[in-house]
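# Fold and geometry: a report
Take a look at the letters that make up each chain.
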Amino acid sequence: MNNLTLHVKRKWFQQIQAGTKAHEYRLYNNYWRNRLEGKTFDQLTICLGYPDKDDAARRITLPWRGYEIQNVKCEEWDNIPQTVFAIRLHAAQ
């Protein structure tokens, strides 16, 4: 099974867990282009930090729903617009 694992901070993890965050963002740069472009995954695992392998409470496993390229402002990037991979977390409504 091909899995993409993303590590996030607590506030983002809690929003994903509550179902209120629709996308997880990764900067559109060479590192993430190499990891994502042209690839398909079976599932997406979101981790709160870097948990032990048996710490299921700090992991969320979702089906892979792909990504889109977006321009977003985020407090993590001082609200400066950035081009990102917007990885879909939930089915489109």
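Preceding block: the structure.
Treat the numbers as computed from the prediction; the structure is a model and nothing was measured. (Residues numbered from 1 in each chain as written. Predicted model: local features only at pLDDT ≥ 70, side-chain atom pairs only at ≥ 80, totals over all residues. Heavy atoms only, no water.)

### Some words on the overall build of the chain
Put simply, the rule is: Helix numbers and strand numbers start at the N terminus; a helix is a DSSP run of H or I with at least 4 residues, a strand a run of E with at least 2. Only C-alpha atoms enter the radius of gyration, while the globule expectation follows 2.2 Å times N to the 0.38, with N the number of residues. To sort residues, take the accessible area from a 1.4 Å probe on protein chains only and compare it with the maximum for the residue type: under 20% means buried, over 50% means exposed, and anything in between is partly exposed.
Within the chain, the regular secondary structure consists of two helices and six strands. Secondary structure of the chain in N-to-C order comes out as β-α-β-α-β-β-β-β. Since a compact globule built from 93 residues should have a radius of gyration of about 12 Å, the 13 Å found for the chain is in line with a globular shape. For the chain, the spread of C-alpha atoms along the three principal axes comes to 35 × 30 × 30 Å. Evaluated residue by residue, the chain yields a buried proportion of 33% over its 93 residues.

### Things to note about unusual backbone geometry
A positive phi angle is found at D78, which is not glycine, with a value near 55°. Mapped onto the elements of the fold, D78 is located in the loop between β5 (67-72) and β6 (82-88). Looking at D78, the relative accessible area reads 65%, which means it is exposed. Positive phi is not limited to glycine here, since N79 has a value of about 55°. Structurally, N79 is set in the loop between β5 and β6. Since its relative accessible area comes to 47%, N79 is described here as partly exposed.

### Examining the layout of surface pockets
Selection criterion: Buried and open spaces are told apart on a 1 Å grid over the protein atoms alone, a cavity being a set of points where a 1.4 Å probe fits but cannot get out and a pocket being an open set with protein on both sides within 12 Å along at least five of seven lines. Residues with an atom within 4 Å of a point are the lining residues. Grid points are joined across faces, edges and corners, and a volume is the space filled by probe spheres set on the points.
Reported here for the largest pocket is a volume of approximately 290 Å³. Looking at the largest pocket, the residues that line it are H7, V8, K9, W12, K21, E24, Y25, R26, L27, C74, E76 and W77. Of all the secondary structure elements, the ones that give two or more residues to the lining of the largest pocket are β1 (3-8) and β2 (23-27). With four residues, the single largest contributor to the lining of the largest pocket is β2.

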